[in-house]
Amino acid sequence: MASSKDVATMMILLGFLSMALCYEGSLAVKRKAKQPNIVFILTDDQDVALFGQYPMPKTKKLIADVGMTFTNMFVTSPLCCPSRSSILSGRFLHNHMTTNNSLSGNCSSTAWQNSAEKKAFPTFLQANGYRTFFAGKYLNEYGSPEVGGVEHIPPGWDVWNGLVGNSVYYNYTLSADGKAEKHGDNYSVDYLTDVIHHKALKFLTTRTSKQPFFMMLSTPACHSPFKSAPQYMVNFTNEKAPRNKQFNIHAQDKHWLIQQAVTPMPNDTIDMIDGFFRNRWRTLLSVDDMVEGVINKLTDIGELDNTYIFFSSDNGYHLGQFSLPFDKRQFYDFDIRVPLMVRGPGIKANTTCQESVMSVDLAPTFLDIANLSAPPFFDGMTLKPILQGQTHPFRATVLVEYNGERLDKVDHCPKYNDQGLSNCDNHCVCEDAWNNTYGCIRYETQQESYKYCALQDNDNFVEVYDLKADPYELNNIAKTASPDLLTKLSQDLADLSLCSGSTCHKKSPYPSH
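Conventions and cut-offs
- Residues numbered from 1 in each chain as written.
- Predicted model: local features only at pLDDT ≥ 70, side-chain atom pairs only at ≥ 80, totals over all residues.
- Heavy atoms only, no water.
- Disulfide = S-S within 2.5 Å.
- Helix = DSSP H or I, 4+ residues; strand = E, 2+ residues; numbered from the N terminus.
- Buried < 20%, exposed > 50% of the residue type's maximum accessible area, 1.4 Å probe, protein only.
- Pairing = 2+ DSSP bridges.
- Axes fitted to C-alpha atoms, helices over the stretch in contact; angles between N-to-C directions.
- Core = buried A, V, L, I, M, F, W, Y, C linked by side-chain atoms within 4.5 Å.
- Contact = heavy atoms within 4.5 Å.
- Phe/Tyr/Trp six-rings, centres within 6.5 Å; stacked < 30°, edge-to-face > 60°.
- Lys NZ or Arg CZ within 6 Å of the ring centre and 35° of its normal.
- Salt bridge = Lys/Arg side-chain N within 4 Å of Asp/Glu carboxyl O.
- Expected span 1.5 Å × (residues − 1).
- Arc of directions from axis to C-beta.

### A look at the state of the cysteines
Next up, step 1: According to the stated counting rule, one finds three disulfides in the structure shown.
Next up, step 2: Between Cys440 and Cys453 runs a disulfide, and the two sulfur atoms are separated by 1.8 Å. One end of the pair, Cys440, is in strand β14 (residues 438-444); the other, Cys453, is in strand β15 (residues 449-455), and 13 residues separate them in sequence.
Next up, step 3: A residue is classified by how much of its surface remains accessible, and Cys440, at 1% relative accessible area, is buried.
Next up, step 4: Across the disulfide, Cys499 is cross-linked to Cys504 (sulfur-sulfur distance 2.1 Å). Looking down the S-S bond of the Cys499 and Cys504 bridge, the torsion is 95°, so its handedness is right-handed. Just as Cys499 is buried, Cys504 falls in that class too.

### Looking at the sheet that holds strand β16 (residues 462-466)
Next up, step 1: In spatial order, the strands read β13-β14-β15-β16; together these four strands make up an open sheet with antiparallel pairing. Of all the strands in the sheet, just β13 (397-402) and β16 have a single pairing partner and so form its edges. Mean inter-strand twist for the sheet, computed between neighbouring axes without regard to direction, equals 10°.
Next up, step 2: Relative to β16, β15 runs antiparallel, the two being bridged by five bridges.

### Some details on helix α3 (residues 80-89)
Every α-helix carries 3.6 residues per turn, so stepping three or four residues along brings you back to the same face.
Next up, step 1: When you tally the buried positions in α3, you get ten out of ten residues, the bulk of the element.
Next up, step 2: Residue Gly90 follows α3 closely and has a positive phi angle near 70°.

### Things to note about the nonpolar core
Next up, step 1: One finds Phe40, Phe70, Phe214, Phe310 and Leu340 to be the most contacted residues of the largest nonpolar core, which totals 88 residues.
Next up, step 2: With residues up to four places along the chain from it excluded, the contact list for Phe214 reads Ile38, Phe40, Phe121, Leu125, Tyr130, Arg131, Thr132, Phe133, Trp157 and Phe366.
Next up, step 3: Judged by nonpolar contacts, the second largest core, of 57 residues, contains Met56, Leu217, Ile270 and Trp281.

### Structural notes on the environment of Leu455
Next up, step 1: Here Leu455 lies in strand β15.
Next up, step 2: Since its relative accessible area comes to 4%, Leu455 is described here as buried.
Next up, step 3: Between the C-alpha atoms of Leu455 and Tyr438, which are 17 residues apart in sequence, the distance is 4.3 Å.

### Some points on the sheet that holds strand β6 (residues 172-176)
Next up, step 1: Overall, mixed pairing links the ten strands, which are arranged β7-β6-β5-β4-β8-β1-β9-β10-β2-β11 in an open sheet. Each edge of the open sheet is held by one strand with a lone partner, namely β7 (179-183) and β11 (351-353). Strand-to-strand twist of the sheet, defined as the mean angle between neighbouring strand axes without regard to direction, takes the value 15°.
Next up, step 2: Here strand β4 (residues 131-136) pairs with strand β5 (residues 159-163) via four bridges, running parallel. Considered in β5, the bridge of Gly136 is made with Gly162.

### Considering the packing of aromatic side chains
Next up, step 1: Evaluated as defined, the whole model comprises 32 aromatic pairs.
Next up, step 2: Consider the rings of Phe331 and Tyr332, whose centres lie 4.7 Å apart with planes at 50°: the pair is tilted.
Next up, step 3: When its relative accessible area of 0% is taken as the criterion, Phe331 is described as buried.
Next up, step 4: An aromatic cluster is defined as three or more aromatic residues linked by ring pairs; in this entry it consists of Phe40, Phe121, Phe134, Tyr138, Tyr142, Trp157, Trp160, Phe214, Phe310 and Phe366.
Next up, step 5: The cationic tip of Lys254 hangs over the ring face of Phe322; the distance from NZ or CZ to the ring centre is 4.7 Å.
Next up, step 6: Here Arg280 stacks its cationic end above the ring of Tyr317, 4.0 Å away from the centre of that ring.

### Some points on the side chain of Ser356
Next up, step 1: Positionally, Ser356 belongs in the loop between β11 and β12 (357-358).
Next up, step 2: Excluding residues within four positions of it along the chain, Ser356 makes contact with Asn72, Phe74, Phe394, Arg395, Val398, Arg442 and Glu444.

### Focus: the pattern of salt bridges
Next up, step 1: Within the structure shown, the criterion is met by 20 salt bridges.
Next up, step 2: When the shortest N-O distance is used, the salt bridge between Asp333 and Lys451 registers 2.7 Å. Here the residue Asp333 occupies a position in helix α11 (residues 333-336), and Lys451 occupies one in strand β15, the gap between them amounting to 118 residues.
Next up, step 3: The class for Asp333 is buried, based on a relative accessible area of 8%.
Next up, step 4: Overall, Lys451 belongs to the buried group, its relative accessible area being 0%.
Next up, step 5: Taking the shortest distance from any N to any O, the salt bridge between Lys451 and Glu473 comes out at 2.7 Å.

### Quick word on the environment of Leu362
Next up, step 1: In this fold, Leu362 is placed in helix α12 (residues 362-369).
Next up, step 2: The exposure class assigned to Leu362 is buried, which follows from its relative accessible area of 1%.
Next up, step 3: Residues Leu362 and Ile87 lie 275 residues apart in sequence; the distance between their C-alpha atoms is 6.4 Å.
Next up, step 4: Setting aside residues no more than four positions away along its own chain, Leu362 makes contact with Phe40, Met73, Ile87, Phe310 and Leu340.

### Here's the deal with helix α14 (residues 483-497)
Next up, step 1: With 15 residues, α14 extends 21 Å between its outermost C-alpha atoms, agreeing within 8% with the 21 Å of an ideal straight helix rising 1.5 Å per residue.
Next up, step 2: Along α14, the residues classified as buried are Leu485, Leu486, Leu489, Asp492, Leu493 and Leu496. Mapping the buried residues of α14 onto a view down its axis gives an arc of 130°, with all of them on the same face. In this structure, α14 carries Pro483, Asp484 and Thr487 as exposed residues pointing more than 90 degrees from its buried face.
Next up, step 3: Against α4 (93-96), β13, β14, β15 and β16 lie the buried residues of α14.

### Quick look at the pairing of strand β9 (residues 307-313)
Next up, step 1: Counting buried residues in β9 gives seven out of seven residues, a clear majority hidden from the surface.
Next up, step 2: Both faces of β9 are covered, namely the face carrying Thr307, Ile309, Phe311 and Ser313 and the face carrying Tyr308, Phe310 and Ser312.
Next up, step 3: The pairing of strand β1 (residues 37-43) with β9 spans seven bridges and is parallel. Looking across to β9, one finds that Phe40 is bridged to Phe310.
Next up, step 4: Where β9 lies against strand β10 (residues 340-343), four bridges are found, and the strand directions are antiparallel. Opposite Ser312, over in β10, you have Leu340 as the bridge partner.

Here it is, written out as structure tokens:
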């Protein structure tokens with residue numbers, strides 16, 4: 001069996017070759033029409049399963065209640081850099097080849113910069129008349145000296161405020177149009193969510209061009225180290241992490257990484273989980289303020305009615321599910337399901353969409369809204385017909401991929417902390433390993449809903465769930481499901497794991513409205 005390093009190397013070469021063969025040049029405007037503005041607000045590690053949207057009433061009122069909420073929005077990979085790479089490139093992991101959060105995993109690497117980054121969606125928007133603005137977290141290794149430092153401005157951005165490194169709230173550096181802008185720990189001038197907020201308002205206030213604009217506001221919330229604004233530190237004092245059916249139970253018939261968790265979790269671990277839950281919610285209150293501030297400014301400058309506003313996250317999170325204290329990286333819905341809310345011209349207020357959509361769909365959707373045709377190498381499908389309430393065919397199957405980063409034995413698997421959280425080793429269990437590398441599909445029609453996940457380990461372990469009967473993924477039916485069903489799901493996974501462009505669009509047999 002090939003090592004995970006060999007597999008990753010081969011995937012990178014195939015992905016770059018596929019991109020080179022598929023690319024057909026710049027885009028053409030589909031039709032002459034006024035191009036609307038687009039605002040994209042991206043949070044970090046914000047779940048749906050643990051009620052991650054609950055502490056944001058302004059966002060619900062200003063986006064969801066006047067627009068559309070997608071209840072089945074999934075990421076392509078439950079880890080920051082691979083997921084963000086899919087959002088930017090419109091491509092699955094096996095095509096953009098960012099396998100983890102490191103430079104060696106192609107996170108903001110020279111290879112990324114010379115390939116996928118040059119064909120990311122903002123390059124097409126900018127080339128076709130949009131003024132583009134970015135503020136916040138880009139990719140985890142952005143700004144590393146080995147790959148250009150703060151001087152590197154990704155193509156496609158007119159105004160660039162990129163965070164160097166991973167999510168933090170204080171004591172960080174931004175690349176402000178290629179120059180280092182250092183921040184300390186003074187709340188009034190340094191709190192990152194507020195800095196993004198203020199830079200966005202300045203961009204909107206000072207713009208003199210009548211160009212349409214695209215804004216991406218990429219906040220650190222609600223990623224660790226969970227530092228909220230001081231005025232919100234006492235909110236949610238009595239809240240606890242949800243005690244759902246997965247909480248603090250020992251998983252059955254799951255791969256070893258899940259089964260090695262300690263059950264029941266110690267009381268101090270549960271106390272830690274509850275503290276993390278409250279602090280994650282608290283960080284989102286500043287994002288809620290930012291949403292309100294940006295929408296008020298769009299109203300003031302007369303652009304709100306011509307602006308689409310998207311709100312989503314790069315991956316989900318877990319806190320005590322299957323006795324895993326905290327992290328992401330697993331293929332269960334708590335880690336791969338994220339919020340997606342959209343408001344804008346032509347979207348009916350307070351509507352809900354249950355179709356399965358993915359983070360790779362955002363890039364082609366942005367281009368379609370801008371009246372541009374997506375390039376043929378985009379793996380995602382435009383959501384514009386759904387937003388406009390049109391009859392449309394859409395996918396039946398979504399794909400999730402992950403490349404594990406750590407070791408293959410529990411004794412050698414680090415009980416690592418999550419970006420510097422203190423005292424983690426007293427509470428945490430191994431959350432990742434090389435044989436946590438997997439491909440996974442969710443197959444959903446009006447009649448049935450299944451998840452099929454194949455792990456790249458020595459046992460070729462498979463997990464299968466009937467999500468209509470078992471939405472909490474408690475009972476692995478891999479040994480009891482019909483052979484015909486397993487064969488179909490296995491073949492769907494194999495097909496999508498090699499797909500590119502339109503071959504990734506496995507349509508549902510049922511019409512959608």
